[in-house]
Amino acid sequence: MIKLTRRNALLAGTGAFLLPGSGRAQAAWPNGPVTFVVGYAAGGGADINARELANIEGPMIGAQIVVDNKGGAAGSVGARIVAAAKPDGQTLFYAVGTNVIINPWVQKGMIDTLATLAPICQTTAYQYVLAVNPKVPANTAAELVALAKKDPEKLTFSSSGVGGNNHLAGALFAEAAGIKIVHVPYKGTGPALADVISGVITMNFSSLPPAVGQVKAGNLKALAVTGEKRVSSLPDVPTLKEQGIDVVVNGWHGLFAPAKTPDAVLDKIAADTKAAMKDPRWATALAKDGLEMPPDLSRAQFARFVADEHAFWGKKLKELHVQME
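Predicted model only: the values in this text are computed from it and were never measured.

Along helix α9 (residues 208-216), the positions that sit buried rather than exposed are L208, P209, P210, A211, V212 and V215. Of the surrounding secondary structure, the elements contacted by the buried residues of α9 are α1 (45-61), β4 (117-132), α8 (189-198), β7 (203-207), β8 (221-225) and α11 (280-289). Directly beyond the C-terminal end of α9, a positive phi value near 85° is found at G218.

Structure below.
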């Protein structure tokens, strides 16, 4: 049995993403409208969260922050756009962690995110919910496993793309439960979840923001959450571990800029973003979406965290037999 765990602790840093010392002059940022590029279609967790942050931070920095959805290749289209943008801090990548730490391992021809993107700060921490169409005759994870064993490869699970956390969660769930379920990748969580609601797909390991409202409205049925403990937004939904399936999947969002963006600009963006995250509206938005405040890491600490996660998952993906696109 393999246990999939997103580590929160910082490990000894690798050489990638190391940053020079502090003491730099403040940059004149922003210089006009700022764009948060999201690598998924509108309606997914990253999209919802990016818009919430933009609405808070924009007025604080005196500039409009526009969210630009560039779905495709599990977030890699967005990553490429930002990596190729002018390194002035005006175009930023509002990334899901998998976009920068896992995609390079599972997608052929993917850019080297450690070399082409500069980490700024982590904005959230979160887990996922195993949600099924309400007509699926299972009310627990164990009952879902029994259905899958009764009819192998009949049940399907959607994801935002190969290598995304909801793909990995599904792959690990199948591995741990000893079942065969069919993966169907989409270009974002929004459309992937829509087809579960319509009944085209059996299940999805969705990030909480787009799923919680649908669960409470009765459009989805939540069978489990994927963290170490239950979430306040779905307090009656047990974890997979509570149900005897040793799987833990946590995720995060974070801001990245094109490589070669001046350190002074990166420092200013990090400081302004962290100031926005101290606004009470941010805590309210996180609670509503089932997200958590991330650890308060410096740019250097966040960079080491990203590099360490990248190395860790390179080994783990081989164990999971996740195939490159």
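With that out of the way, let us pick up the pattern of salt bridges. When charged atoms on two side chains of opposite charge get close, those side chains can pair. Tallying each qualifying case throughout the model produces 13 salt bridges. Among the salt bridges present, the one from K241 reaches E228, with a minimum N-O distance of 3.3 Å. Of the two residues, K241 sits in the loop between β8 and β9 (250-258) while E228 sits in the loop between β8 and β9, which places them 13 residues apart along the sequence. Judged by relative accessible area, which is 33%, K241 ranks as partly exposed.

Let's shift gears to the packing of α1 against helix α10 (residues 263-277). Where α1 meets α10, the closest approach of the two axes is 9 Å, and the angle between their N-to-C directions is 115°. Both α1 and α10 take part in a crossing whose hand is right-handed. On the side of α1, the interface is formed by L53, I56, E57, M60 and I61, while α10 contributes I269, D272, T273, A275, A276 and M277. Partitioning the contact of α1 with α10 into residue classes produces eight nonpolar, one polar and two charged.

Cis geometry marks the peptide bond from W29 to P30, where omega comes out at 5°. Although it is not a glycine, A74 adopts a positive phi angle of roughly 55°. Mapped onto the elements of the fold, A74 is located in the loop between β2 (65-69) and α2 (76-83). For A74, a relative accessible area of 1% gives the class buried. Positive phi is not limited to glycine here, since E153 has a value of about 65°. Structurally, E153 is set in the loop between α6 (141-150) and β5 (156-159).

This part takes up the packing of α1 against α11. As a packed pair, α1 and α11 sit with axes 10 Å apart at the nearest point and diverge in direction by 165°. With respect to their mutual orientation, α1 and α11 come out roughly antiparallel. α11 is crossed by α1, and the crossing has right-handed handedness. Between α1 and α11, the contacting residues are I48, N49, E52, L53 and I56 on the first element and R281, W282, A285, L286, K288 and D289 on the second. A per-class count over the contact of α1 with α11 returns six nonpolar, one polar and four charged.

Let's shift gears to the environment of D263. As for its position among the elements, D263 is in helix α10. A sequence separation of 143 residues divides D263 from I120, and the C-alpha atoms of the two residues are 9.9 Å apart.

This paragraph deals with the side chain of Q90. Note that Q90 resides in the loop between α2 and β3 (91-96). Look at Q90 and you get buried, because its relative accessible area is 10%. A distance of 3.1 Å separates the side chain of Q90 from the backbone oxygen of G32, its partner in a polar contact. Among all residues touching Q90, those that are not within four sequence positions of it are W29, P30, N31, G32, P33, V34 and T35.

This paragraph deals with the packing of aromatic side chains. With the rule as written, the count across this model stands at eight aromatic pairs. When the ring of F256 is compared with that of F302, the centres are 5.6 Å apart and the planes differ by 50°; the resulting orientation is tilted. In this pair, F256 sits in strand β9 while F302 sits in helix α12 (residues 299-320), placing the two residues 46 residues apart along the sequence. Taken individually, F256 and F302 each receive the classification buried, so the pair is uniform in this respect. Aromatic ring contacts, followed pair by pair, group W252, F256, F302 and F305 into a single cluster.

Next up on the list: the nonpolar core. Membership of the largest hydrophobic core comes to 85 residues, with the highest contact counts inside it found for F36, L144 and F173. With eight residues, β4 is the single largest residue contributor to this core. Sequence-distant contacts of F36, defined by excluding residues within four places in its chain, comprise A50, L53, A54, E57, I65, V66, V67, D68, L92, Y94 and L255.

So, about the confidence of the model for the chain. On average, residues of the chain score 89 in pLDDT, and 91% of them are at 70 or above. In this model, residues 1-24 is a region of pLDDT below 50 whose contacts with residues beyond four sequence positions or in other chains number 67 contacts.

About the criteria used
- Residues numbered from 1 in each chain as written.
- Predicted model: local features only at pLDDT ≥ 70, side-chain atom pairs only at ≥ 80, totals over all residues.
- Heavy atoms only, no water.
- Buried < 20%, exposed > 50% of the residue type's maximum accessible area, 1.4 Å probe, protein only.
- Helix = DSSP H or I, 4+ residues; strand = E, 2+ residues; numbered from the N terminus.
- Contact = heavy atoms within 4.5 Å.
- Salt bridge = Lys/Arg side-chain N within 4 Å of Asp/Glu carboxyl O.
- Axes fitted to C-alpha atoms, helices over the stretch in contact; angles between N-to-C directions.
- Left-handed = near helix turned anticlockwise from the far one by under 90°.
- Nonpolar A, V, L, I, M, F, W, Y, C, P; charged D, E, K, R; others polar.
- Parallel < 35°, antiparallel > 145°, perpendicular 65-115°, else oblique.
- Polar contact = N/O pair within 3.5 Å; in protein donor to acceptor, adjacent residues only side chain to side chain.
- Phe/Tyr/Trp six-rings, centres within 6.5 Å; stacked < 30°, edge-to-face > 60°.
- Core = buried A, V, L, I, M, F, W, Y, C linked by side-chain atoms within 4.5 Å.
- pLDDT = per-residue confidence, 0-100.

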